[in-house]
Amino acid sequence: GAVVSQHPSRVICKSGTSVKIECRSLDFQATTMFWYRQFPKKSLMLMATSNEGSKATYEQGVEKDKFLINHASLTLSTLTVTSAHPEDSSFYICSARGPWGDTQYFGPGTRLTVL
Amino acid sequence: AQTVTQSQPEMSVQEAETVTLSCTYDTSESDYYLFWYKQPPSRQMILVIRQEAYKQQNATENRFSVNFQKAAKSFSLKISDSQLGDAAMYFCAYRRLIGGADGLTFGKGTHLIIQP
């Protein structure tokens, strides 16, 4: 139980284009999902908290207009990187708060490369 | 703000031996959760063990156990009978117990190498 999927697993795009990453909780409903970013050989940094039916809460320093988050249903949150640039290249990982509310279950991550 | 410190960038242990990974944290709150996550080369984050701060008993999951010292703000992970599949990055993480902002704060990680 408590499986989270992400799609796509990797994406390469041209500078200036937008990329959408999906995060789904497959066997449970998640009112809250989280988006993290991980640079090579570094730790995970929380970018934003996504709440179903309301606006996302962004961490300090994260541009909300660049990283658009939508949590339209209890099983799906999306992260759209708008007007991507090479410095946005990174590993993006989502997580969903489990049905018992105290543990986060992580998706397999999405590697974004912006050329 | 909470901070999590893992002072060991890399640890190496012989297969079947025991290894302890250290983690300290800083918080002004009295109730919170602590976690150890494992990230193998696949990059999938896997929950290893969790501890509620209000519980005095140290959490145990098979070969994995923690030494939680609340007063010292220390949360170490002990891996017994190390196996080759334990090789991975290990991240210590903190989460507030209550309140809206409950994303995880991670340490920088410890790279665990298992020597056959």
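Here the structure is a predicted model, which means the values were calculated and not measured. (Residues numbered from 1 in each chain as written. Chains lettered and ligands numbered in written order. Predicted model: local features only at pLDDT ≥ 70, side-chain atom pairs only at ≥ 80, totals over all residues. Heavy atoms only, no water.)

### Observations concerning the overall build of chain B
Then, number 1: Each helix and strand counted, chain B has zero helices and 12 strands in total.
Then, number 2: Ordered by position from N to C terminus, the α and β elements of chain B give β-β-β-β-β-β-β-β-β-β-β-β.
Then, number 3: Dimensions of chain B, computed from C-alpha atoms along their principal axes, come out at roughly 45 × 30 × 20 Å.
Then, number 4: Classification of the 116 residues of chain B by burial places 46% in the buried group.
Then, number 5: Sequence-distant contacts, at least 24 apart, represent 55% of the contacts inside chain B between residues at least 6 apart.
Then, number 6: Approximately 5700 Å² of chain B is accessible, and the part contributed by carbon and sulfur atoms is 48%. (Helix = DSSP H or I, 4+ residues; strand = E, 2+ residues; numbered from the N terminus. Buried < 20%, exposed > 50% of the residue type's maximum accessible area, 1.4 Å probe, protein only. Contact = heavy atoms within 4.5 Å. Areas by Shrake-Rupley, 256 points an atom, 1.4 Å probe, with all protein chains shown as cover.)

### A look at the interface of chain A and chain B
Then, number 1: Each side of the interface is counted separately: chain A has 18 residues, and chain B has 18 residues.
Then, number 2: A buried area of about 1500 Å², summed over both sides, lies between chain A and chain B, and 46% of it is on carbon and sulfur atoms.
Then, number 3: Taken as a group, S43, D102 and F106 of chain A account for 33% of the area that chain A buries against chain B, more than any other trio of residues on that side.
Then, number 4: Run the count over chain A and chain B and you get zero salt bridges.
Then, number 5: In this assembly, chain A and chain B are joined by eight residue pairs in polar contact (both at pLDDT 80 or more). (Buried area = accessible area lost by both parts, 1.4 Å probe. Salt bridge = Lys/Arg side-chain N within 4 Å of Asp/Glu carboxyl O. Polar contact = N/O pair within 3.5 Å; in protein donor to acceptor, adjacent residues only side chain to side chain.)

### Digging into the sheet that holds strand β1 (residues 4–7) of chain A
All names here are of chain A.
Then, number 1: Strand order across the open sheet formed by four strands is β1-β3-β8-β7, with antiparallel pairing between neighbours. Strands at the two margins of the open sheet, each flanked by one partner only, are β1 and β7 (67–73). On average, each strand axis in the sheet is tilted by 15° relative to the strand beside it, whichever way the strands run.
Then, number 2: The sheet contact formed by β1 and strand β3 (residues 19–25) spans four bridges and is antiparallel. By the bridge assignment for β3, Q6 is matched with C23. (Pairing = 2+ DSSP bridges. Axes fitted to C-alpha atoms, helices over the stretch in contact; angles between N-to-C directions.)

### Quick look at the state of the cysteines
A covalent bond bridging the sulfur atoms of two cysteines is what the word disulfide describes.
Residues and elements named next belong to chain A.
Then, number 1: Counted under the stated rule, the structure contains two disulfides over all chains.
Then, number 2: Disulfide pairing is shown between C23 and C94; the S-S distance is 2.0 Å. Disulfide C23-C94: torsion about the S-S bond near 80°, hence right-handed. In this pair, C23 is assigned in strand β3 and C94 in strand β9 (residues 90–97), connecting sequence segments 71 residues apart. (Disulfide = S-S within 2.5 Å.)

### What about the pattern of salt bridges?
Residues and elements named next belong to chain B.
Then, number 1: As enumerated under the stated definition, the model contains seven salt bridges over all chains in all.
Then, number 2: In this structure, K73 engages D26 in a salt bridge whose closest nitrogen and oxygen atoms are separated by 3.8 Å. Here D26 lies in strand β4 (residues 24–26) and K73 lies in the loop between β8 (64–69) and β9 (74–79), a separation of 47 residues in the sequence.
Then, number 3: Take K73: its relative accessible area is 25%, and that puts it in the partly exposed class.
Then, number 4: With a shortest N-O distance of 2.3 Å, E52 and R50 are connected by a salt bridge.
Then, number 5: Residue classification places E52 among the buried residues on the basis of a relative accessible area of 9%.
Then, number 6: A residue is classified by how much of its surface remains accessible, and R50, at 22% relative accessible area, is partly exposed.
Then, number 7: Here the salt bridges share partners, and the residues they tie into one network are R50, E52 and K55.

### A few points about the nonpolar core
Grouped burial of nonpolar side chains is what soluble globular proteins tend to show.
Then, number 1: Membership of the largest hydrophobic core comes to 26 residues, with the highest contact counts inside it found for W35, Y58, F67, I69, L79, Y92 and L112 of chain A.
Then, number 2: Secondary-structure elements contributing two or more residues to this core are β2 (10–13), β3, β4 (32–38), β5 (44–51), β7, β8 (76–81), β9 and β11 (110–114) of chain A.
Then, number 3: The residues contacting Y58 of chain A, other than those within four sequence positions of it, are M47, A48, K64, F67, L68 and I69 of chain A.
Then, number 4: Among the nonpolar cores identified, the runner-up in size contains 25 residues, and L21, Y90, C92 and L112 of chain B belong to it. (Core = buried A, V, L, I, M, F, W, Y, C linked by side-chain atoms within 4.5 Å.)

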